[in-house]
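Here are the chains, one letter per residue:
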Amino acid sequence: MTSLLSRVSAAEQSAAPGPRTPPAAVERFRAQARRRLARADILGFLAWVSPVAAVALWLADGGAGGFSSFAGGATGLGIVAGLVGMDVVLLMLLLAARIPLIDNTIGHDRALEIHKSLGKPALYLLLAHGILLAVGYGAAEGLDPISESVSLWVNVPDMWLAFVAMALFLAVVVTSLVAVRRKFPYEFWYVIHLLTYAAVATAIPHQFSVGGLFAEGTWQRWYWLAFCIGTGAALLFFRIYQPLAATVRHQLTVSRVVRVAPDVFSIEMTGLQLEKLAGSGGRFFIWRFLAPGFWWQAHPFSLSAEPLPATGTAAGKLRITVRNLGDGSARLARLRPGTRVALEGPYGMFSTAARSRNRVVMIGAGIGIAPLRSLLESTPFEPGNATVLLRGHDESELFLGQEIMALCQARGATLFHLTGPRSARPNAWLPESAVQAGFTLRSYIPDVANADVYVCGPAGWAGNVVQDAEAAGVPAEQLHYERFDW
């Protein structure tokens, strides 16, 4: 059954508390979107220019001189493949470094999507680098490629590190394939994936010590030193220092675990300076609960309510809401009060930072309702300019539904509860009754094309919502759907 649960009257709307959208904010949201798209264009341009610059600097330092013979041509092509391959690997590391500029421009999920898409090209380029150099060097010395490879391993300083790096890269790519990952626990894959850093570290020495490719005084040397040092510094700062600093600053501890539904529970925490996390509604954090049996597992969860700052003697509070989707999340229900918590974040674009329009639509299902609840609480809008659609098989699956209804009534948002059995029709996201009636997203929000649309829920379902929104004319830059595949 599809029902309209709450539509606040004009009198109630006029007194509704919460962040409002002042008249200038409409243009502010659009200007914010234009700046974000411009940053995305600049970052994309720099990513393409980077490997081109690496090759251009090599050519400028006389790299083209060796193409006059077969041996020189194979060697030259091998060097080019290695330069581009290493450049791509460093770009992959920057995409995974959780740099705010990247995260706030294209989103954490999009950054990791690009990161993963570059894995195979990088590996193929590095394999081509090794094979072509073995062919080129071997042709120059009258050896076959295998004999030349053995000679390089034995006789050339630091070259054995290059072979080790290649083996590590192969291990990373193979274990990252979906067909292989499904055979291992996530934690095993994650540890293997950390070998990327070891692979890069072992690949770097031979670049500077073998031959004159990065000889002192060349622009290439300065380019690669700056690129490698900059990438390493970004990883150390954003992946290690900032999480440690946030953990020390906020000093989070579990205060209690509250049951929300049979397989859903909220973890409430207290801490310091939580006002610095305000406005993160919808974005996710990575949580580690520092107790025996828990500390080694990292969990990506969004806040399900805006943090409450400390008042008087009362400590600040925040909350996440978790659904039992596996052994890891199920065990969190047994957390004890007083357990210390480490956190990283916030990450992602599922927030006001992605807004481009005055009107906002929030659509959620399952545990994806939790981030929408905090987004509804924190994002600014005028009464009547927000619509919330919650999907569940029945009312019991509309988690935090009563809290969301209260927020909608207080802030002047329209709320729909879309309950009922799932439709068997392809690409359906609405209940069967709504599908039979011919309902689409535009049936609930006729002007949805002029709104920012936030979607959070199971991947297949959310994909169907996005497809319906696109059919309703919602531009890509107004669709905000973040997959927490970190």
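Description of the structure in this document. (Residues numbered from 1 in each chain as written. Predicted model: local features only at pLDDT ≥ 70, side-chain atom pairs only at ≥ 80, totals over all residues. Heavy atoms only, no water.)

1. Points about the overall build of the protein chain
The helix and strand tally for the protein chain stands at 18 helices and twelve strands. Each of the 486 residues in the protein chain was classed as buried or not, and the buried ones make up 49%. Across the protein chain, every contact between residues at least 6 apart in sequence was considered, and the portion connecting residues at least 24 apart equals 75%. (Helix = DSSP H or I, 4+ residues; strand = E, 2+ residues; numbered from the N terminus. Buried < 20%, exposed > 50% of the residue type's maximum accessible area, 1.4 Å probe, protein only. Contact = heavy atoms within 4.5 Å.)

2. Here we look at the side chain of Q478
By the secondary structure assignment, Q478 is in the loop between α18 (459-471) and β12 (479-481). We classify Q478 as buried; its relative accessible area is 1%. For Q478, the side chain forms a polar contact with the main-chain oxygen of A451, separated by 2.8 Å. Contacts of Q478, omitting those with residues within four sequence positions, involve S356, R357, A449, N450, A451, D452 and V453. (Polar contact = N/O pair within 3.5 Å; in protein donor to acceptor, adjacent residues only side chain to side chain.)

3. Some thoughts on the environment of I79
Here I79 shows up in helix α3 (residues 70-95). Residues I79 and A128, spaced 49 residues apart in sequence, show a C-alpha to C-alpha distance of 9.3 Å.

4. Looking at the pairing of strand β4 (residues 284-289)
A large share of β4 lies buried, amounting to five of its six residues. Pairing analysis gives four bridges linking β4 to strand β5 (residues 299-308), with the strands arranged antiparallel. Looking across to β5, one finds that I286 is bridged to P300. (Pairing = 2+ DSSP bridges.)

5. Here we look at the nonpolar core
Ranked by internal contacts, the top residues of the largest apolar core, which has 39 residues, are L83, L90, I99, F169, V200, W224 and F227. When contributions to this core are tallied by element, the ones reaching two or more residues are α2 (23-60), α3, α6 (119-141), α8 (159-176), α11 (195-209) and α12 (219-250). A total of twelve residues in this core trace back to one element, the largest contributor, which is α3. Dropping the residues within four chain positions of it, L90 is found in contact with V200, W224, F227, C228 and T231. Among the nonpolar cores identified, the runner-up in size contains 27 residues, and A365, A434, W461 and V466 belong to it. (Core = buried A, V, L, I, M, F, W, Y, C linked by side-chain atoms within 4.5 Å.)

6. Some words on a nonpolar patch on the surface
Nonpolar side chains collect at one region of the surface, where I146, V150, W153, V154, W160 and F163 lie side by side and expose about 630 Å² of accessible area between them. Note on placement: V150 falls in helix α7 (residues 145-155). (Patch = residues over 30% accessible without salt bridge, like charges linked within 9 Å, V, L, I, M, F, W, Y side chains within 5 Å. Areas by Shrake-Rupley, 256 points an atom, 1.4 Å probe, with all protein chains shown as cover. Salt bridge = Lys/Arg side-chain N within 4 Å of Asp/Glu carboxyl O.)

7. Thoughts on the environment of G136
Among the secondary structure elements, G136 is positioned in helix α6. Linking G136 and F70, residues 66 residues apart in sequence, is a C-alpha distance of 7.3 Å. Discounting chain neighbours no more than four positions away, the residues touching G136 are A71, A74 and T75.

8. What to know about the sheet that holds strand β3 (residues 264-271)
Here we have six strands rolled up into a closed barrel, ordered β2-β3-β6-β5-β4-β7, and antiparallel in their pairing. Each strand of the sheet is rotated relative to its neighbour by a mean of 40°, with strand direction disregarded. Taken together, the five bridges between β4 and strand β7 (residues 340-347) define a ladder with antiparallel strand orientation. Bridged to F284 within β7 is Y347. (Axes fitted to C-alpha atoms, helices over the stretch in contact; angles between N-to-C directions.)

9. Considering helix α14 (residues 369-378)
The buried fraction of α14 amounts to nine of the ten residues, a majority that puts the element mostly inside the structure. Among all positions in α14, only I369, A370, P371, L372, R373, S374, L375, L376 and S378 are buried.

10. Here we look at the packing of aromatic side chains
Applying the stated rule across the entire model yields 13 aromatic pairs. On the basis of an interplanar angle of 80° and a centroid distance of 5.7 Å, the ring pair of F439 and Y444 is categorised as edge-to-face. On the accessibility criterion, F439 (37% relative accessible area) is partly exposed. Joined through ring pairs, the aromatic side chains of Y223, W224 and F227 make up one cluster. The ring centre of F294 lies 4.5 Å from the NZ or CZ of R331, which sits over that ring. A cation sits over an aromatic face here: R411 above F381, 3.8 Å from the ring centre. (Phe/Tyr/Trp six-rings, centres within 6.5 Å; stacked < 30°, edge-to-face > 60°. Lys NZ or Arg CZ within 6 Å of the ring centre and 35° of its normal.)

11. Brief notes about the packing of α3 against α11
Interhelical geometry of α3 versus α11 gives an angle of 145° and a closest axis separation of 11 Å. Judged by the twist between their axes, the crossing of α3 over α11 is left-handed. Contacts from M86, V89, L90 and L93 of α3 reach α11 at T196, Y197, V200, A203, I204 and Q207. Here the residues of the contact of α3 with α11 sort into eight nonpolar, two polar and no charged. (Left-handed = near helix turned anticlockwise from the far one by under 90°. Nonpolar A, V, L, I, M, F, W, Y, C, P; charged D, E, K, R; others polar.)

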